[in-house]
Amino acid sequence: MTEPSLSPQPATNVKKKAAEVHSLLAALIAKREQEIVEIEQMVERYERRLRKEEQAYRSLSPLRRMLSGKKPDHHLAVEYIHYVKKPMEKVRLLREEVGRYYAMLSGSIPADLPDTLV
């Protein structure tokens, strides 16, 4: 009798979802890359400050060096873990996340929005 008509509605809906996913992924990639840059800058500032402190300590006379003292090694190790190791671990995880997002953009990993978001 009447033939069911195929409307272009589902195709445009799929394209709309794909566009939303791509724009969302692009925004997430930009945000994560900005976080990576900020963390790397923080680590660089810490290392620069540490080098300046070491240089200032070495420029002291032997008597002043003996009186001023130096941070114990275990304090330096804890600082290194806090200011370098943990942030760089976070950078590694963020880079992996960005890699997954790029894979989703290229289509090698499926990237679908749940229907509840749309």
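Computed from a predicted structure; not experimentally measured.

Asker: Quick rundown of the overall build of the protein? Include the residues and the values.
Answerer: Counting its secondary structure elements, the protein contains three helices and zero strands. The secondary structure elements of the protein, listed N-terminal to C-terminal, are α-α-α. For the protein, the proportion of its 118 residues judged to be buried stands at 15%. Within the protein, contacts between residues separated by at least 24 positions form 77% of all contacts whose residues are at least 6 apart in sequence. A total accessible area of about 9500 Å² is found for the protein, and carbon and sulfur atoms account for 60% of it.

Asker: Describe the pattern of salt bridges, with residues and values.
Answerer: Throughout the structure, instances matching the rule amount to 10 salt bridges. Salt-bridge contacts for Arg 95 lead to Glu 40; the nearest nitrogen and oxygen are separated by 2.3 Å. With Arg 95 in helix α3 (residues 73-106) and Glu 40 in helix α1 (residues 9-59), this pair connects stretches of sequence that are 55 residues apart. In this structure Arg 95 comes out as partly exposed when scored by relative accessible area, which is 46%. With relative accessibility at 29%, the residue Glu 40 sits in the partly exposed group.

Asker: How would you summarise the nonpolar core if you had to cite specific residues and measurements?
Answerer: It is characteristic of soluble globular proteins that their nonpolar side chains tend to be buried jointly. In terms of nonpolar packing, the biggest core is built from five residues, these being Val 21, Leu 25, Ile 29, Val 98 and Tyr 101. Listed by contribution, the elements that provide at least two residues to this core are α1 and α3. Tallying contributions element by element places α1 first for this core, with three residues. When neighbours within four sequence positions are excluded, Tyr 101 is seen to be in contact with Leu 25, Leu 28, Ile 29 and Arg 32.

How each quantity is defined
- Residues numbered from 1 in each chain as written.
- Predicted model: local features only at pLDDT ≥ 70, side-chain atom pairs only at ≥ 80, totals over all residues.
- Heavy atoms only, no water.
- Helix = DSSP H or I, 4+ residues; strand = E, 2+ residues; numbered from the N terminus.
- Buried < 20%, exposed > 50% of the residue type's maximum accessible area, 1.4 Å probe, protein only.
- Contact = heavy atoms within 4.5 Å.
- Areas by Shrake-Rupley, 256 points an atom, 1.4 Å probe, with all protein chains shown as cover.
- Salt bridge = Lys/Arg side-chain N within 4 Å of Asp/Glu carboxyl O.
- Core = buried A, V, L, I, M, F, W, Y, C linked by side-chain atoms within 4.5 Å.

Note that all results are geometric; they support no functional claim without further evidence.
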